[in-house]
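Coordinates in review
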Amino acid sequence: MIKTNLLNGLFKNAFDLNVNVLLKYDTDSLLAPYFIEAGMKPKKPAFDHWKGLDGHVAGHYLSALAMAWAKAGNLRCKERADYIIAELKPVQKKGKGYLGGIPNCEKLWGDLKNGVVKTVKEYWAPWYNIHKMYAGLRDVWLYCANDDAKQMFLNLCDWGCTVIDSLNDDQMEEMLATEFGGMNEVYADAYVISGNEKYLEAAKRFSHREIFDNMLKGIDNLDNKHANTQIPKAVGYARIAELTGSLEYRRAAEFFWETVVSNRTLSFGGNSRREHFTADKDAREQIEDREGPETCNTYNMLKLANILFRIDPQARYADFIERALYNHILSSQHPEHGGYVYFTSARPGHYRVYSQVNKAMWCCVGTGMENHLKYDEFIYTQIDNTLYVNLFAASSVEWKEKNMVVTQTTNFPDEDQTTLTLKVKEPVRCTLAIRCPFWVTNSAIKIVIDSKNYAENAGQGAEESSAEGSSYILIDRTWKDGDTVCIEVPMSFRIEKMPKVSDYIAIMRGPILLGAKTSGENLDGLMAEYGRWDQGANGALMPLYEAPCLLGETDEIAAKLSFMQPVKDKPFSYTCSELFSREQDKSKQFVFEPFFRIHDSRYIIYWLAMTEVKYKNFIEKLLEAEKEKIALDNRTIDAVNPGEQQPETDHQLQQLNSRNGLHYGEAWRDAVNGGFFQYRLKTGGNENVRLMLRYWGNWDGERAFDILIDDQLLANEDIAKFAKGDFINVEYPVPNEMVKGKDFIRVKFQCIGDNIAGGVFNVRLLKN
């Protein structure tokens, strides 16, 4: 058993700031949805934000408070966690084991118990929502030794079993098509806590076969799927594998991790755009879209990597964790006010927005509360007689069984070295495993003890040892009090191509992503208010054709990195005018600095890189496409992509006999058998608007349908008439009386007779 403490440095600063932010939240307002749904009077009104997902942040908040107590000894956090448990105990008792804040949930759970699984689609990810309370109760017991929390957790698990016990496998599979968070993981944990096999069986029943079976076969079927719906599933697979030794669950988890990290992860460790994994055809949208990777995704990918490392301690898991922590998680917290980031845009010249305390109740606020309290969890790992030094961070670790304390002194990444100092009561034999990261060349790393370089003399004095990239150097010896291990990990500059979009590159030094500020102007909504969609950086897009370009072949550009010049009095920051060939780019004197230090600014983390000849051809096509895209973006009041989970949830999808799928990499939705589908779009108070719909121009079959606004007919359409083998956008003028005085409208697509309504690929309300 080991215990890690953070010492002064980047991680501790972020940790301490986060604790201060936690204590500013209004606890009673977070708990109000639970009282309301139990028919009890809350002490304060609930937060009026993200209605429909009420209560989910309270679960994250419990987990964060518990961690702050266990890791920092903050008594106020423990008292607040104990207060929440005491307040919720009678609420759960009244709910006969159930504990949730989901609005009007009685019908939901009743229908599920009776096998009416389709009802789950009428609610906003209900299992995902209450999963946060499952995890919060578990963590208050784990970190605070609160026995009431343990019993409440198991009571909630028992209640959940009563819901799924009546469902057959087909019904479970239908239910699991809707986001359900890490339910398989928490039921696996319930099995560990209680020893009761029924919880392990429940964990396995929450294994969505559509994902599990394909991952087991080594098939990546993640294209255009909602990313943070899928990642927790794999976390559960890994946890079940860890507890049972199941090779099937292990293979599924490992393949999921491998395909996401190798094929779908950007330079800072995040993945997805608009919350969905891209298909190869759409990979360029990672550059084009304002909504880049979601912080929640990385929160869960880190969980997955941690469990897989415990199963099989490979350095590649540590390499990913280092990348994600330093570049995504650190950057997702504002260093002054502590606000959390939802989307990290990879679009050149865009920006991020931050939450405010007691205003935003995003999913990434909930995971953000936890993220910045977890920096200590992977610096060291102890497995049997080996202590793994995974990360280079100012910290200390106590290994009680060995009566040993190891203190790591470093200013990494601002310096490329670290020192381990051992304190032992008496000489002790054990192994230190020092990570040799992938970004250090074999001959460059040094691990020196008593003038002996263990990296240079691999295999001498070690059970096994390798100084190859992405590995561990194992040093097995008898350690004495005062022994020091001096580690040098020289960092060089390199480039990394964007997955599947090779003409955009990121510039790295060691594990650190370097970005550059471009402008502090037009940062609309930088500090998010209460708005339902305020988590997105909705300000104007900078045209991609105005972004700097690095001209040359990839190896030429990489060679120019040798001209990087340090900026005086600004650590880990550089200029390099040699990278830029165009005069307008040279004159801007970009400063390359750690992305985690870039805030309150537009920025670039991916740079267009190609030869001058290719650039001329590329820019001509880009000019036309970008002008159309930005013109459309400037006209857009609201938009939804049918068939994509989160946009449809955001726009309150209602449907009957509706289907969805993919066509040429784009998601669509239609309705059959007299059915319909509809969305709620905001008007922004605008009149004189148009409704734009995107269709495929060559569908087969009868496809006449009505388009209605608030049940008034806007148009009859028959898309079979287009007979064009491409996508087409059609605009419909909206009479002013249909939108006048309205903040929102309902746009409905209704079948006519036996015709199919749709498919529709995009619904967009435009200024005329």
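If you trace the four strands from one edge of the open sheet to the other, you get β2-β3-β7-β10, paired in mixed fashion. Looking at strand neighbours, the two that pair on one side only are β2 (380-383) and β10 (471-479), the edges of this open sheet. Strand-to-strand twist of the sheet, defined as the mean angle between neighbouring strand axes without regard to direction, takes the value 25 degrees. Packing against the sheet, helix α16 (residues 315-329) makes contact with β7 (428-436) and β10, and its axis sits at approximately 60 degrees to β7.

Ranked by internal contacts, the top residues of the largest apolar core, which has 197 residues, are Trp-109, Trp-127 and Tyr-134. Among the elements that make up this core, the one with the highest residue count is helix α7 (residues 147-164) (ten residues). With residues up to four places along the chain from it excluded, the contact list for Tyr-134 reads Trp-127, Phe-153, Leu-156, Cys-157, Trp-159, Gly-160, Met-183, Val-186 and Tyr-187. Core analysis: the second largest hydrophobic core is formed by 35 residues, Val-640, Phe-677, Tyr-732 and Phe-749 among them.

On to helix α5 (residues 105-113). Every buried residue of α5 is listed here: Cys-105, Leu-108, Trp-109, Asp-111 and Leu-112. Looking straight down α5, one finds its buried side chains confined to an arc of 160 degrees; they lie on one side. In this structure, the buried residues of α5 make contact with α2 (27-37), α6 (126-144), α7 and α8 (169-175). The first or second residue beyond α5 is Gly-115, which carries a positive phi of 85 degrees.

Scanning the entire structure with this criterion turns up 49 aromatic pairs. When the centroid spacing of 6.0 Å and the interplanar angle of 70 degrees are considered together, the rings of Trp-668 and Trp-699 count as edge-to-face. Here the residue Trp-668 occupies a position in strand β23 (residues 666-682), and Trp-699 occupies one in the loop between β24 (689-696) and β25 (704-709), the gap between them amounting to 31 residues. Both residues of the pair, Trp-668 and Trp-699, count as buried.

The rules we used
- Residues numbered from 1 in each chain as written.
- Predicted model: local features only at pLDDT ≥ 70, side-chain atom pairs only at ≥ 80, totals over all residues.
- Heavy atoms only, no water.
- Pairing = 2+ DSSP bridges.
- Helix = DSSP H or I, 4+ residues; strand = E, 2+ residues; numbered from the N terminus.
- Axes fitted to C-alpha atoms, helices over the stretch in contact; angles between N-to-C directions.
- Contact = heavy atoms within 4.5 Å.
- Core = buried A, V, L, I, M, F, W, Y, C linked by side-chain atoms within 4.5 Å.
- Buried < 20%, exposed > 50% of the residue type's maximum accessible area, 1.4 Å probe, protein only.
- Arc of directions from axis to C-beta.
- Phe/Tyr/Trp six-rings, centres within 6.5 Å; stacked < 30°, edge-to-face > 60°.

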